[in-house]
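# Geometric and topological summary
Chain by chain, the residues:
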Amino acid sequence: MAEQLSDDELSAALAGDPSGFSAVYTAISPAVLGYFRARGVEDPEALTQDVFVDVLPKLANVTGGHTGLRTFIFSVAHARLVDYRRRAERTPYLAEYDPLVDARYSASAEDEALGSLGGISGTLSQLNEEQREVLVLRIVADLSIEQVAGIMDKTPGAIKQLQRRGLSALRELVTEKDHAAS
């Protein structure tokens, strides 16, 4: 779990103190970055920075303490992800990587990073969009069902159902992988 934000740091951030915002960034940015990585964003660091640039001027209006702050930040992150996806749909298709043309003798950092995930990115990509979104927000971002419901504009019951179905589908996919590897 990431560093926790103290009440004093939260109060300082909401009052506009730069050290308070720094503490908010330090405590919550790793979860936002993980959220974007799990969602397949090409440059998750840049998108994380965009989120906090959007959050900074609006911090004084945040209510609900720690929970309200996390919900607000992940609402902004979700909106940036939607913008990213829409922008990607309008971007021309780029040619795929051709390993026969690549003259490097070692694996790229990206290949090593994706390999260290143990194939979870590929497994997650087999779920439907809403199930994947719920699981990433619940597990990576560590948000409550109510917070995820607010972000996705759904009822808590719908989020529970999506989470249950997503976990069930993941369990089946992982079991299939294990049986195939045996």
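Here the structure is a predicted model, which means the values were calculated and not measured.

## Overview of the overall build of the protein chain
- Within the protein chain, the regular secondary structure consists of nine helices and zero strands.
- In the protein chain, the share of contacts with a sequence separation of at least 24, taken over all contacts with a separation of at least 6, comes to 61%.

## Side note on the pattern of salt bridges
- All chains considered together, the criterion is met by seven salt bridges.
- For Arg 39, the salt bridge goes to Glu 129, with nearest N and O atoms at 2.4 Å. With Arg 39 in the loop between helix H2 (18-38) and helix H3 (44-55) and Glu 129 in helix H7 (residues 129-140), this pair connects stretches of sequence that are 90 residues apart.
- When the shortest N-O distance is used, the salt bridge between Glu 133 and Arg 39 registers 2.7 Å. Of this pair, Glu 133 sits in helix H7 while Arg 39 sits in the loop between H2 and H3, and the two are 94 residues apart along the sequence. Considered together, Glu 133 and Arg 39 belong to a single accessibility category, that of buried residues.
- One continuous salt-bridge network, built from bridges that share partners, spans Arg 39, Glu 129, Arg 132 and Glu 133.

## Side note on the packing of aromatic side chains
- Inspection of the entire model under this criterion finds four aromatic pairs.
- Taken together, a centroid distance of 6.3 Å and an interplanar angle of 65° make the contact between Phe 21 and Phe 52 edge-to-face. With Phe 21 in helix H2 and Phe 52 in helix H3, the pair connects residues that are 31 residues apart, well separated along the chain.
- A residue is classified by how much of its surface remains accessible, and Phe 52, at 3% relative accessible area, is buried.

## Observations concerning helix H8 (residues 145-152)
- Among the eight residues that make up H8, six are buried, leaving the element largely enclosed by the rest of the structure.
- When we look at burial in H8, the residues that qualify are Ile 145, Gln 147, Val 148, Ala 149, Ile 151 and Met 152.
- Directly after H8, the chain includes Asp 153, whose backbone phi takes a positive value near 60°.

## Description of the confidence of the model for the protein chain
- Per-residue confidence for the protein chain averages 84 on the pLDDT scale, and 84% of its residues sit at or above 70.
- Mean pLDDT across the secondary structure elements of the protein chain bottoms out at helix H5 (residues 109-116), with 52, and peaks at H3, with 95.

What counts as what
- Residues numbered from 1 in each chain as written.
- Predicted model: local features only at pLDDT ≥ 70, side-chain atom pairs only at ≥ 80, totals over all residues.
- Heavy atoms only, no water.
- Helix = DSSP H or I, 4+ residues; strand = E, 2+ residues; numbered from the N terminus.
- Contact = heavy atoms within 4.5 Å.
- Salt bridge = Lys/Arg side-chain N within 4 Å of Asp/Glu carboxyl O.
- Buried < 20%, exposed > 50% of the residue type's maximum accessible area, 1.4 Å probe, protein only.
- Phe/Tyr/Trp six-rings, centres within 6.5 Å; stacked < 30°, edge-to-face > 60°.
- pLDDT = per-residue confidence, 0-100.

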